[in-house]
Amino acid sequence: MTAGAPPFAQQVALVATLHGKEAALAPALETLGFEVRAVDGLDTDRFGTFTGEVERTGSMLDTAREKARAALALPGAADWVFASEGAFGPSGAIPMLAEGKELILAWRPADDLEVTVLRPSFETNFAHIDDPAAAALDAFLERAGFPDHAVIVKASGAVLAKGVQDRATLERLIAQAEGPVRVETDMRAHLNPTRMGEIARAAEDLAKRLASPCPSCAAPGFGLTRVERGLPCSACGMPTDRVIAEVHACPACGHEACMVRADRLEAADPGECLVCNP
């Protein structure tokens, strides 16, 4: 690599996707010098579908690993393989809000190095409506971002159609359905611009991590792995639940470094202290 060249210049990044995710990953990865390619002929739906026809059997990371290894098994060489997996549901912190999580795995087959990021976000249109009347359907579709964002129609729990982006087709499916009807957002990336945007942001996070070499072994991917809590209260000095330090680690050699908060905050507000504000 010549002086001043991007850190991954002339390296091939293969994206394991069926749903056009290479468009979301490419801008961030290309800034690092990667040549981004999508896999031809990879059916990632066999590892799980949002509509439940195929259940995801492992964790998000397990599934991303399966996608990456399946992609490498197809014709075409690559220096790195990238795979992503999303999950959606009620937020654990605020159950009334829907939350999306986007995981991206970067895998270097030559030495089995893995670098991952997980991006949680409330920026999602994940929702559904049951047996919708006209007015309720109108409101739901507006919130869902229809027709730019597609929807799925189910009847009695069975999928009637995915990727619906036409109002006339949607109304016909609802009218012809037998049994309870559910209309839900289609969370496949190529039919959900909001989700595609979150994948792009996760890719930016991953690019920053890949561009961070380990201070011990110089492997890429040195970054935040966990936090330590206990920031002292500014009034009484007792530890609070606020983060006091960040632990960064290397995915290759395991080297760790404890970093102070990026904002340099040294004490928590007494309102967050269980002693001062029980």
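Notes on the structure follow. (Residues numbered from 1 in each chain as written. Predicted model: local features only at pLDDT ≥ 70, side-chain atom pairs only at ≥ 80, totals over all residues. Heavy atoms only, no water.)

1. Section: the side chain of lysine 154
Relative to the helices and strands, lysine 154 resides in strand β7 (residues 151–155). Judged by relative accessible area, which is 13%, lysine 154 ranks as buried. A polar side-chain atom of lysine 154 sits 3.5 Å from a polar atom in the side chain of glutamate 184. With residues up to four places along the chain from it excluded, the contact list for lysine 154 reads Thr51, Val159, Leu160, Pro180, Val181, Arg182 and Glu184. (Helix = DSSP H or I, 4+ residues; strand = E, 2+ residues; numbered from the N terminus. Buried < 20%, exposed > 50% of the residue type's maximum accessible area, 1.4 Å probe, protein only. Polar contact = N/O pair within 3.5 Å; in protein donor to acceptor, adjacent residues only side chain to side chain. Contact = heavy atoms within 4.5 Å.)

2. Details of the sheet that holds strand β1 (residues 12–16)
Read from one edge of the open sheet, five strands run β2-β1-β3-β4-β5, paired in mixed fashion. Here the strands that pair on one side only, and so sit at the sheet edges, are β2 (35–38) and β5 (113–121). Adjacent strand axes in the sheet meet at a mean angle of 25 degrees when their direction is disregarded. Judged from the nine bridges that link them, strand β4 (residues 98–108) and β5 form a sheet pairing that is antiparallel. Each bridged residue has a counterpart across the sheet, and for isoleucine 104 the counterpart in β5 is valine 117. Strands in contact with helix α1 (residues 22–30) are β1, β2, β3 (80–90) and β4; relative to β2, the strand with the most contacts, it is inclined by about 165 degrees. (Pairing = 2+ DSSP bridges. Axes fitted to C-alpha atoms, helices over the stretch in contact; angles between N-to-C directions.)

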